Amino acid sequence: MEKERKKIGILTGGGDCPGLNAAIRAVVRRGEQLGYEIWGIKNGWKGLLGKTEAKRLSEGDVRGILDKGGTILGSGKINPLKLENGISQIEGNFKKLKLDALVAIGGDGTLCVGQKLSKSFPIIAIPKTIDNDVKGTDFCIGFWTAVQTATEALDRLHSTAESHSRVIVLEVMGRNHGWIAAYAGLAGGADYILVPEEPVKMDEVFKTIKERIRKGKKFSLIVVSEGVRLPKSEKSQGDSGEHCGIGNEVASLISKKLGVETRSVNIGHILRGGTPSSYDRIMGARFGILAVELIRKRKFQQAVVLRGDKIAAIPFSQIRGEKKVNKEVYDAAKIFFH
Ligand code: F6P
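It should be emphasised that the depicted structure is a prediction, and the values quoted were computed from it without experimental measurement.

Our next topic: the overall build of the chain. Broken down by element type, the chain carries nine helices and 11 strands. Radius of gyration (C-alpha) of the chain: 22 Å, near the 20 Å computed for a compact globule of 338 residues. By its C-alpha atoms, the chain is 75 × 40 × 30 Å across when sized along the principal axes. By the burial criterion, 53% of the 338 residues in the chain qualify as buried.

As structure tokens, this is what we get:
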């Protein structure tokens, strides 16, 4: 097969997550096989704003990174759409670097910029975010590792909560959605899970805990997703009203209402770090390989996605918008709320 010369840029934008390096490695390795030059853009869109920050990547640069968390390219949350001339700066740098295509690995924000740029440049998007809230794909890179980490946290909290007969509230990330909370809560045997997609019924939380105590189970584990907001009527009296973390708020309400010893733990960015699960590495590799294949076929303005166990490409326009937590999984977790 005659090798075609192409120069491909690759960047990771938004919050980092485990599995990004597997995708970068796949793009570099597959791209090199096809004779392409792969250029790593540093720190998300920032690397294409003002003075470019880009580096040629070859096999040696991606050796030994498969099991590493984070991203060897660095990431950033800068949104060029909010900067004056942001998009035109990127367009200028794209031309200056003589890129034939760009692989943008990111969540909602990155994909939104990609979509805007895709009007002028050949772009392929790869969805990643521990929040798993990108429409059009069943799962995003990073989600399953975060679920595993949150599940492990619940397992550990279980024994300490039980030893001390306490209620422990675990707050997890997820932005405006409850994917991590619902999946980890089901896996870790949470006694109640609060997600932004469902109405907050604190009375049910109190009732569940009371009922458990009545049955001799003196401890409970409650999972709350960071995007949950308490209804005004539930805001704890005496609190300043400032948002001090939903986990703390829920724990304080429980302790005031039931008089039980309560603790709250927020595992925040721990969910974004560490060794990627095999699932995320495999998904990263498959997404990366497909992204290069789409470039080879000149099929641009596409996002690679997972549907069941199949990977596919869909037009960029179909990946934006809200993706609520899988209700069937939340309902399954509810069966164990007692
Ligand atoms: O979108 C990923 C995410 O980790 C969210 O779950 C969280 O709300 C946010 O990013 C945290 O962002 P930062 O890294 O800016 O604190």
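Here the narrative resumes.
The next thing to look at is the sheet that holds strand β5 (residues 123-127). If you trace the seven strands from one edge of the open sheet to the other, you get β3-β2-β1-β4-β5-β10-β11, paired in mixed fashion. Two strands lie at the open edges of the sheet, namely β3 (54-57) and β11 (310-315), each paired on one side alone. Neighbour-to-neighbour, the strand axes of the sheet open up by a mean angle of 25 degrees, direction not taken into account. Pairing of strand β1 (residues 7-12) with strand β2 (residues 37-41), which is carried by four bridges, proceeds in the parallel orientation. Within β2, the residue paired with Gly9 across the bridge is Trp39. The strands that helix α1 (residues 20-33) touches are β1, β2, β3 and β4 (101-106); relative to β1, the one it contacts most, it runs at about 175 degrees.

A separate point is α1. End to end, α1 covers 20 Å across 14 residues, agreeing with the expected 20 Å (1.5 Å per residue, within 8%). Packed against the buried residues of α1 are β1, β2, β3, β4 and α8 (278-296).

Let's shift gears to the state of the cysteines. Under the defined criterion, the tally for this structure stands at zero disulfides. You can see Cys112 has no disulfide; the closest cysteine sulfur is in Cys140, sitting 15 Å from it. Left unpaired, Cys140 is separated from the closest cysteine sulfur, that of Cys17, by 8.5 Å. Given the relative accessible area of 0%, Cys140 is considered buried.

This next bit is on the site of the ligand. Surveying the vicinity of the ligand reveals the residues Lys77, Asp131, Met173, Gly174, Arg175, Glu226, His269 and Arg272. Between an oxygen atom of the ligand and a main-chain N or O atom of Gly174, the distance comes to 3.3 Å. Glu226 is positioned such that a nitrogen or oxygen atom in its side chain is 2.5 Å from an oxygen atom of the ligand. Protein chains shield 70% of the accessible area of the ligand, which is 400 Å² for the free molecule.

Here the structure, examined in full by the defined rule, presents 17 salt bridges. Two residues, Arg56 and Glu37, come together in a salt bridge whose shortest N-O distance is 3.9 Å. One end of the pair, Arg56, is in strand β3; the other, Glu37, is in strand β2, with 19 residues separating them in the sequence. For Arg56, a relative accessible area of 38% gives the class partly exposed. Residue Glu211 pairs with Arg214 through a salt bridge whose shortest N-O separation is 2.7 Å. Placement of both Glu211 and Arg214 in helix α6 (residues 202-214) is noted, with a separation of three residues, approximately one turn of the helix. Residue Arg214 is classed as exposed on the basis of its relative accessible area of 61%. Linked through salt bridges whose partners overlap, the residues forming this network are Asp108, Asp131, Asp133 and Arg175.

This part is about the packing of aromatic side chains. Tallied over the entire structure, the rule returns 13 aromatic pairs. Taking 5.3 Å as the distance between ring centres and 80 degrees as the angle between the ring planes, the aromatic pair formed by Phe143 and Tyr183 counts as edge-to-face. Here Phe143, found in helix α4 (residues 143-164), pairs with Tyr183, found in helix α5 (residues 179-187); they are 40 residues apart in sequence, far enough to count as distant. The residues Phe143 and Tyr183 share a single accessibility class, namely buried. Through successive ring pairs, a cluster of aromatic residues spans Phe139, Phe143, Trp144, Trp179, Tyr183 and Tyr279. Seen from the ring of Phe219, Arg212 lies directly overhead, with NZ or CZ sitting 5.1 Å from the centre. Looking at Lys323, its charged tip hangs above the ring of Trp179, at a distance of 4.8 Å from the centre.

What counts as what
Residues numbered from 1 in each chain as written. Predicted model: local features only at pLDDT ≥ 70, side-chain atom pairs only at ≥ 80, totals over all residues. Heavy atoms only, no water. Helix = DSSP H or I, 4+ residues; strand = E, 2+ residues; numbered from the N terminus. Rg over C-alpha atoms; globule rule 2.2 N^0.38 Å. Buried < 20%, exposed > 50% of the residue type's maximum accessible area, 1.4 Å probe, protein only. Pairing = 2+ DSSP bridges. Axes fitted to C-alpha atoms, helices over the stretch in contact; angles between N-to-C directions. Contact = heavy atoms within 4.5 Å. Expected span 1.5 Å × (residues − 1). Disulfide = S-S within 2.5 Å. Near = heavy atom within 4 Å. Polar contact = N/O pair within 3.5 Å; in protein donor to acceptor, adjacent residues only side chain to side chain. Areas by Shrake-Rupley, 256 points an atom, 1.4 Å probe, with all protein chains shown as cover. Salt bridge = Lys/Arg side-chain N within 4 Å of Asp/Glu carboxyl O. Phe/Tyr/Trp six-rings, centres within 6.5 Å; stacked < 30°, edge-to-face > 60°. Lys NZ or Arg CZ within 6 Å of the ring centre and 35° of its normal.

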